[in-house]
2 protein chains.
Amino acid sequence: MIEMRGKAVSDRIKEDIAESLDAVIKALGRKPRLEIIRVGTNEADASYGRSAIKKAEAFGMSAGLTSFPSDISYESFEEHIRKKSRDEDVDGILVLRPLPPELLEAAERGLSPDKDLDGMTDINMSRLFQGQEGGFAPCTAMAVMRLLDFYGADTHGKHVVIIGRSPVVGKPLAMLMLSRDATVTVCHSKTGEDILREQLSSADIICTAVGKAEFLGPEYIKEGAVIVDCGINVSEEGKLCGDVDYEAVKEKCLMISPVPGGLGAVTTAVLCENLFKAARIKVGK
Amino acid sequence: MIEMRGKAVSDRIKEDIAESLDAVIKALGRKPRLEIIRVGTNEADASYGRSAIKKAEAFGMSAGLTSFPSDISYESFEEHIRKKSRDEDVDGILVLRPLPPELLEAAERGLSPDKDLDGMTDINMSRLFQGQEGGFAPCTAMAVMRLLDFYGADTHGKHVVIIGRSPVVGKPLAMLMLSRDATVTVCHSKTGEDILREQLSSADIICTAVGKAEFLGPEYIKEGAVIVDCGINVSEEGKLCGDVDYEAVKEKCLMISPVPGGLGAVTTAVLCENLFKAARIKVGK
């Protein structure tokens, strides 16, 4: 069994960036700059924001976070994001999701596609949907691909089951997997137990983005499956865990990503990679 | 076995439009107008264009087709579509696909989302991807849903297998099916025979959009499956046929759509429905 730990992938991404970071900093006249925008008081958002800032700084770039109260108006929110989109000293923007539908729309309207590091604008979503290169795809979905690539898990011709249909993880991941020639099944909260079991029992690769602590046990999977756990939950005993019952499942897997220690570090590294890409495009390097 | 014929569905859509057509014509001061844009000399395009015009006229609306040579420049093509997008006397535009990537981009840039009857602009694709109401989804994908609804084939909690991953049929259909609580598997040309067989053998609903004459035989499907055939092909004997070997498969099905006589009539009816919707929104009816 190979444990797919995220740190090694993150380190590789850091090295790749380091190769041309100096040239980009020289051309920009400063470090690439990330702006994170958060609404409300959700602790998970705050924690992700802190990790992202730490990662950007560790990668030799700079980052800041602005928080807004959850009763901010559509107009003020859009205007703030528009201002950051126009700000010459900001290269990339991450608006933490989920957001209430109205504020999500305001963010999408205000955000420049060139700085849209998490692929939430219409143009980036449309590119992803059509399998076109050149845009930004949501970081968590991209991180799954990076993790699989790093550990040599090929997707071509494989049966991939994704559990979760959100526009932030499940659906973007389905599009990326289709572009990589996987046959893709998307299961979700309305998938019956019999269909879920049938699909999982034949899956070569399973990606869970459900938010249910340790729900996936060994009875669901086939011997030799590859599992990427996108969940971040707190178990009944109060410990951080994923959607997969890691200890119970791991011996049956060919590869599996733990939580914590798995996808999270790759997601923030992909965010930094997208920031660096936005900065490079800006200076033409 | 229920044969899902398209004409009855098309007639129902016509009746629904007829209920408020007079009011819309009165408010517009003319009939709703469809513009079809075709590039090149593909006979399938010409044939679809003729059917669409005939259908729009039969539904009490008006339609025209403009053909361009396949060597038209990016700029001229975009400019033409932009002009039609601005034309007060045009309510909806259909650009026939597939197109070369460059011309597709020109079309997407020039086309107003409000007249984008086949859901090819970024905004409409992004809405579809996020499962939002209010935009236009590609007509063929919508037609599959209309056909299933009309004949009472429920998608909630069902396992749906879509064969084909194009941005015009397979992927949009996957999004619509997910919005309707189906568990969705997308197979395609790179899906191995073993995975294809396994998926199809458990599928409650199968939608084929492959373009391979009569490739789907009875050995693939389970007793009582529902099949929607989106293919339009010419068999070795020169007859028009779908992706499904209809005669061989039909007795094993609960419901199946024939080719010809199935989805085609629904697709042009959905196009007219979208045209009518665009005209209604324009006049606020």
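Cut-offs applied
Residues numbered from 1 in each chain as written. Chains lettered and ligands numbered in written order. Predicted model: local features only at pLDDT ≥ 70, side-chain atom pairs only at ≥ 80, totals over all residues. Heavy atoms only, no water. Contact = heavy atoms within 4.5 Å. Buried area = accessible area lost by both parts, 1.4 Å probe. Salt bridge = Lys/Arg side-chain N within 4 Å of Asp/Glu carboxyl O. Polar contact = N/O pair within 3.5 Å; in protein donor to acceptor, adjacent residues only side chain to side chain. Helix = DSSP H or I, 4+ residues; strand = E, 2+ residues; numbered from the N terminus. Nonpolar A, V, L, I, M, F, W, Y, C, P; charged D, E, K, R; others polar. Pairing = 2+ DSSP bridges. Phe/Tyr/Trp six-rings, centres within 6.5 Å; stacked < 30°, edge-to-face > 60°. Buried < 20%, exposed > 50% of the residue type's maximum accessible area, 1.4 Å probe, protein only. Lys NZ or Arg CZ within 6 Å of the ring centre and 35° of its normal. Expected span 1.5 Å × (residues − 1). Least-squares fit on C-alpha atoms with pLDDT ≥ 70 in both.

Q: Got a minute to help me understand the interface of chain B and chain A in this structure?
A: For an interface, size is often stated in terms of accessible area lost upon the parts coming together. In this assembly, 34 residues from chain B lie in contact with 34 residues from chain A. Regarding the contact of chain B and chain A, the summed buried area is about 3,000 Å², with carbon and sulfur atoms giving 57% of it. On the surface where chain B and chain A come into contact, there are four salt bridges. With a closest N to O distance of 3.9 Å, Asp181 of chain A and Lys190 of chain B form a salt bridge. Where chain B packs against chain A, one counts 18 residue pairs in polar contact (both at pLDDT 80 or more). At the level of secondary structure, the elements contributing two or more residues to the side of chain B that touches chain A comprise α4 (101-110), α5 (122-130), α7 (170-179), β6 (183-187) and α8 (193-202) of chain B. For the side of chain B that touches chain A, the leading source of residues is α5 of chain B, giving seven residues. When its residues are assigned to classes, the side of chain B that touches chain A shows 14 nonpolar, eleven polar and nine charged. As judged from the three bridges shared by strand β6 (residues 183-187) of chain A and β6 of chain B, these two strands associate in the antiparallel manner. Note on β6 of chain B: the bridge partner recorded for Thr185 of chain A is Thr185 of chain B.

Q: Explanation requested: the packing of aromatic side chains in the structure shown.
A: The geometry of an aromatic ring pair is captured by two quantities: the separation of the ring centres and the angle between the planes. All names here are of chain A. In the structure shown here, the tally under the stated rule is seven aromatic pairs over all chains. Residues Phe68 and Phe77 carry aromatic rings whose centres are separated by 5.8 Å and whose planes lie at 85° to one another, so their mutual orientation is edge-to-face. Grouping residues by exposure puts Phe68 and Phe77 together as buried. The side chain of Lys277 reaches across the aromatic face of Phe136, ending 4.8 Å from its centre.

Q: Help me understand the pattern of salt bridges in this model?
A: Side-chain pairs of opposite charge can arise whenever the charged atoms involved come near each other. All names here are of chain A. What the rule picks out here adds up to 38 salt bridges over all chains. Here Arg33 makes a salt bridge to Glu35, at a shortest N to O gap of 3.2 Å. Judged by relative accessible area, Arg33 falls into the partly exposed class, the value being 25%. Across the pair Glu247 and Lys250 runs a salt bridge, and its minimum N-O distance is 3.0 Å. Among the charged side chains, a salt-bridge network with shared partners connects Arg30, Asp89, Asp91 and Lys282.

Q: Sorry if this is basic, but what is going on with helix α6 (residues 139-150) of chain B here?
A: Along an α-helix, residues three or four positions apart point the same way, because every turn accommodates 3.6 residues. Residue and element names in this part refer to chain B. Over its twelve residues, α6 extends 16 Å from the first C-alpha to the last, a length consistent with the 16 Å expected when each residue adds 1.5 Å. Among the twelve residues that make up α6, nine are buried, leaving the element largely enclosed by the rest of the structure. Looking at α6, one finds that the buried residues are Cys139, Thr140, Ala141, Met142, Ala143, Val144, Met145, Leu147 and Leu148. In this structure, the buried side of α6 is in contact with α1 (6-28), α7, β7 (205-208), β8 (225-229) and α10 (263-283). Looking one or two places after α6, you find Gly152, whose phi comes out positive at around 75°.

Q: What am I meant to see in the relation of the copies chain B and chain A here?
A: Superposition of the two copies of the chain requires a rotation about an axis together with a shift along that axis. Superposition of chain B onto chain A requires a rotation of 180° combined with a translation of 0.0 Å along the rotation axis, giving an RMSD of 0.0 Å. Read as a symmetry element, the transformation amounts to a two-fold axis. Closest to the rotation axis within chain B is the C-alpha of Thr185 of chain B, separated from it by 2.0 Å. Most of the interface of chain B is mirrored in chain A: 100% of its interface residues are interface residues there too.

Q: For this particular structure, what's the right way to read the environment of Val144 of chain B?
A: Residues and elements named next belong to chain B. Here Val144 is to be found in helix α6. By relative accessible area, which is 0% here, Val144 ends up buried. Along the backbone, Val144 and Gly264 are 120 residues apart, and their C-alpha atoms lie at a distance of 9.9 Å. If we skip the residues at most four places from it in the chain, Val144 touches Leu173, Met177, Cys207, Val228, Cys230 and Leu263.

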